[in-house]
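Close look at the chain arrangement
What follows is the residue order along each chain.
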Amino acid sequence: MSIFEVILINPMKRQRAVLFITKLWKWFTADFLGIFKEMRWSYLPPLMVYLAAGVSGFTGIIESFFIKDNLGLSAAFLAGLAFWAGLPWALKMPLGHLVDLFWRRKALFVYLGASLMAISLLIMVGLTGYADRMGSILKLETWYIISALLSPIGFVMQDVVADAMTVEAVPDIDQDGSLIPEAQVQRMHVTVQTLGRIAIIGGSALVAGLGGWLAQTLSYVIMYWISLIIPLISVMGVVSANLTQRRRRLSKSSTDTRLKADETSHALEPDWHILGGSGLFVVIALIFGISDLTFKKEIILFGSLGIIVYLMKNILAALNPAKQREIIGIAVIVFVFRAMPTFGAGASWWEIDVLKFDEAFFGTLRQISSILAILGMFGLRGWMARRPLPYLVVFLSIYSTLMMLPFIGMFYGLNDWTQATFGFGARTIAIIDTMADSPLGQVAMVPMLAWIAKEAPKNLKATYFAVMAAFTNLALSASNLATEYINKIFVIERGQYDELGMLMMTVTGLSLALPILTVFLCNRIFLPLNR
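Residues numbered from 1 in each chain as written. Predicted model: local features only at pLDDT ≥ 70, side-chain atom pairs only at ≥ 80, totals over all residues. Heavy atoms only, no water.

**Brief notes about the overall build of the protein chain**
Using the following cut-off: A run of H or I in DSSP counts as a helix once it spans at least four residues, and a run of E counts as a strand once it spans at least two, with each numbered from the N terminus. Note on classification: 1.4 Å probe, protein chains only; a residue is buried when its accessible area is under 20% of the maximum for its type, exposed when over 50%, partly exposed between these limits. Contacts were defined at the residue level, with two residues in contact if any of their heavy atoms lie within 4.5 Å. Surface accessibility in these figures is a Shrake-Rupley result with a 1.4 Å probe; residues are shielded only by whichever protein chains are displayed.
Looking only at helices and strands, the protein chain features 25 helices and 0 strands. Counting over 531 residues, the protein chain shows a buried share of 50%. Long-range pairs, those at least 24 residues apart, make up 83% of the contacts in the protein chain with a sequence separation of at least 6. Total accessible area on the protein chain stands at roughly 25300 Å², and carbon and sulfur atoms take up 67% of it.

So, in structure tokens, the structure goes:
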């Protein structure tokens, strides 16, 4: 007798089956498909800017191979360069305040950012297609460093505007003039931030496999010429936003009080705490950045962290003490979680040299990861909205540790054993691990961004979003610095991977223990109600 016949005969099991199918259908229609029903035209402009950030990974795979084969840069140096490339994200503070001050001219920030991105890509065109000419002016490594630093500056200028536009995209008042319930506003914030992550990851999925496959048929220089389309996408997003605003002013709704409030809400004076603190950050970064001090990166990191904490203190001063403790506790937890070190470039070299992963396979992995991350955000949107961030950090720390174990195992021969015993090797293990890990890849980001957007004041939305996001993004610079330290303790060179196993186990242990310990301490100190 089949299981379906048993269910049909037994009334109790039939009732349970009907209840399960009903809940599954409700989840599918409310959480998975509901995001399409909640889509608004006001969401589109920032989503196009995010999409441009996503498709920027089009050249990521060929860049790794180009560095490995043509530039004499060590894994430790690349980790250090990643530290410097991450610092412009801390500049979201002054840029965010400038966007608020010149809100009606916000498109200029996107245009300037797109120009910097285009210059960065043109440098890579020169390196991959005209290396002799480029080398006659500056060393190829110097050109690459310039390109690596210009690109994130362009992205951060566009990201500041896009973040503020996501806050603006969620209305507080319905079309009939009535206030929208807080729960519905929160859900809309989760929806727009989910769509933002989907735009980024969807763009990555769109080009991940395509980039790897085209790299086998097209030259690197042609790939970089094609990538010049990327800055145009973000520019189109801002142009569409301007056209939408113009239509609103020409329509009957131009007399709507909401539009008038939006126009007057940006008539504000400069906040010299933010501008002065940000200026101090720039001075510290420049002075110590060009110095020969041994610990200049550490000084810049902790100096920037001190400035951001000071600005956060000023922004949070108007809130009640309980709310302040809640925001500080969650911010610390997210910072530590994102500051964990990674394996570094040496692990990628090992995958290329030992596991024989090529461009096409890396593209396949990235595409699988991106597609499953999108599906995960569709399916887990409701779950993310209902769970507090400390819970998510603990869950993700444990889950990420489990997902790192297969790669550690492959370093010690797991793939050889599975090949001999079951008939599959390293590539199958990598695909299975990617499929298991990817759906939860953005679980921590969406609730955090929705929480920041919901708390942002209307006339300082870019400033508030920038300060809070700068704090969490600075954790990525801390992660790069920690990665550099670990790569100096466990030295990984091209073709020499003896210490990679210990490096991976150390990173895995830290990534498991430190975030969980931070959640435990913050729950006792800052979040007594969430114990």
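Here the narrative resumes.
**Comments concerning the side chain of T59**
Considering the arrangement of structural elements, one finds T59 in the loop between α4 (44-55) and α5 (60-70). The residues contacting T59, other than those within four sequence positions of it, are M223, Y224 and S227.

**Here's the deal with the nonpolar core**
Spelled out, the test is: Among the buried residues, those of types Ala, Val, Leu, Ile, Met, Phe, Trp, Tyr and Cys that are joined through side-chain atoms within 4.5 Å form a nonpolar core.
Grouped together as the largest cluster of nonpolar side chains are 73 residues, with contacts concentrated most on V99, L127, Y144, F357, M410, L500 and L503. Here this core takes 11 residues from helix α10 (residues 140-169), the largest share from any one element. Beyond its immediate chain neighbours, meaning those up to four positions away, Y144 contacts E63, I67, L71, L73, L81, M124 and L127. Among the nonpolar cores identified, the runner-up in size contains 66 residues, and V185, I300, A450 and M468 belong to it.

**Quick look at the pattern of salt bridges**
Opposite charge on two side chains permits them to pair, given that their charged atoms come into close proximity. Rules: Only one rule defines a salt bridge in this text: a Lys or Arg side-chain nitrogen within 4 Å of an Asp or Glu carboxyl oxygen.
Applying the stated criterion across every chain yields a total of 3 salt bridges. The salt bridge involving K488 is made with E484; its shortest N-O contact spans 3.4 Å. Highlighted residues: K488 and E484, both in helix α24 (residues 461-489), separated by 4 residues, approximately one helical turn. On the basis of relative accessible area, E484 is assigned to the buried category, the value being 7%. Ionic contacts of the salt-bridge type, sharing partners, join the residues K297, E484 and K488 into one network.

**So, helix α20 (residues 389-411)**
Counted only if it meets this: By definition here, a helix of n residues has an expected span of 1.5 Å times n minus one.
Taking 1.5 Å as the rise per residue, α20 with 23 residues should run 33 Å; its terminal C-alpha atoms sit 33 Å apart, in good agreement. By the burial criterion, the buried members of α20 are L389, P390, L392, V393, L396, S397, T401, M403, P406, F407, I408 and M410. With its phi angle positive at about 100 degrees, G413 sits one or two positions after the end of α20.

**Remarks on the environment of I371**
One can find I371 in helix α19 (residues 359-386). Since its relative accessible area comes to 42%, I371 is described here as partly exposed. Along the primary structure I371 and I201 are separated by 170 residues, whereas in three dimensions their C-alpha atoms are 7.7 Å apart.

**Brief notes about the packing of aromatic side chains**
What describes a pair of aromatic rings is the distance from one ring centre to the other and the angle between the planes of the rings. What counts is decided by this rule: Classification of ring pairs rests on two measures: the distance between centres of Phe, Tyr or Trp rings, Trp counted by its six-membered ring, which must be within 6.5 Å, and the angle between planes, read as stacked under 30 degrees, edge-to-face over 60 and tilted in between.
Counted according to the given criterion, the structure contains 10 aromatic pairs. Arranged with centres 4.6 Å apart and planes meeting at 55 degrees, the rings of F357 and F361 form a pair that is tilted. Given a relative accessible area of 2%, F357 falls into the buried group. For the pair F422 and F424, a centre-to-centre distance of 6.0 Å together with 20 degrees between the ring planes defines the contact as stacked. Assessed through its relative accessible area of 52%, F422 is described here as exposed. By relative accessible area, which is 28% here, F424 ends up partly exposed. Ring pairing ties together the aromatic residues F65, F357, F361 and F362, which thus form one cluster.

**Looking at the side chain of D159**
Residue placement: D159 occurs in helix α10. We classify D159 as buried; its relative accessible area is 14%. Setting aside its immediate chain neighbours within four residues, D159 contacts Y50, W89 and K92.

**Quick word on unusual backbone geometry**
Phi at K356 is positive, roughly 65 degrees, even though this residue is not glycine. Among the secondary structure elements, K356 is positioned in the loop between α18 (345-353) and α19. Of the residues examined, K356 reaches a relative accessible area of 55% and is grouped as exposed.

**Describing the packing of helix α6 (residues 75-86) against α24**
To keep things clear, this is the line we draw: What counts as an axis is a line fitted to C-alpha atoms, over the stretch in contact for a helix, and the angles between N-to-C directions run from 0 to 180 degrees. In this scheme, roughly parallel covers angles under 35 degrees and roughly antiparallel covers those over 145, while 65 to 115 is roughly perpendicular and the rest are oblique. Crossing handedness is defined as follows: a turn of the near helix away from the far one that is anticlockwise and smaller than a right angle gives a left-handed crossing, while the clockwise case is right-handed. In the scheme used here, Gly and all other residues not listed as nonpolar or charged are polar, with Ala, Val, Leu, Ile, Met, Phe, Trp, Tyr, Cys and Pro taken as nonpolar and Asp, Glu, Lys and Arg as charged.
Contact pair α6 / α24: the axes reach a minimum separation of 8 Å and the direction vectors enclose 165 degrees. Comparing their axes, α24 and α6 come out roughly antiparallel. α24 is crossed by α6, and the crossing has left-handed handedness. Judged by residue contacts, A75, A76, A79, G80, A82, F83 and G86 of α6 engage S477, N480, L481, T483, E484 and N487 from α24. Tallied by class, residues from the contact of α6 with α24 come to 6 nonpolar, 6 polar and 1 charged.

**Re the packing of helix α16 (residues 296-316) against helix α17 (residues 321-338)**
α17 packs onto α16 with a crossing angle of 155 degrees between their chain directions and a minimal axis gap of 11 Å. Taken together, the axes of α16 and α17 are roughly antiparallel relative to one another. In the crossing of α16 with α17, the sense of the turn from one axis to the other is right-handed. Facing L305, M312 and L316 of α16, the residues of α17 in contact are Q324, I327, I328, A331 and F335. Taken together, the residues of the contact of α16 with α17 break down into 7 nonpolar, 1 polar and no charged.

**Some details on a nonpolar patch on the surface**
Heads up, the condition is: Residues enter patches when they are more than 30% accessible in relative terms and free of salt bridges; like-charged ones are connected within 9 Å and nonpolar ones (Val, Leu, Ile, Met, Phe, Trp, Tyr) within 5 Å.
The grouping of L510, L514, L517, F520, L521 and I525 at the surface amounts to a nonpolar patch, some 540 Å² of accessible area in total. Here F520 lies in helix α25 (residues 500-525).

**Here's the deal with the confidence of the model for the protein chain**
Any segment with low pLDDT has predicted coordinates that should not be analysed in fine detail. This is how the line gets drawn: A residue's pLDDT is the predictor's confidence in that residue, given on a scale from 0 to 100.
Across the protein chain, the average pLDDT comes to 80, with 87% of residues at 70 or higher. Per-element confidence in the protein chain ranges from a low mean pLDDT of 48 for helix α14 (residues 257-264) to a high of 93 for α25.

**What about the environment of I307?**
Structurally, I307 can be placed in helix α16. We classify I307 as buried; its relative accessible area is 8%. Through-space distance from the C-alpha of I307 to that of H273 is 9.9 Å; in sequence the pair is 34 residues apart. Setting aside chain neighbours within four positions, we find I307 in contact with G277, L280, F281 and I284.

**What to know about the environment of K92**
Relative to the helices and strands, K92 resides in helix α7 (residues 92-101). For the pair K92 and V160, spaced 68 residues apart in the sequence, the C-alpha separation amounts to 6.3 Å. For K92, the residues in contact, after removing those within four places along its chain, are V156, D159, V160, D163, A466, A469 and N473.

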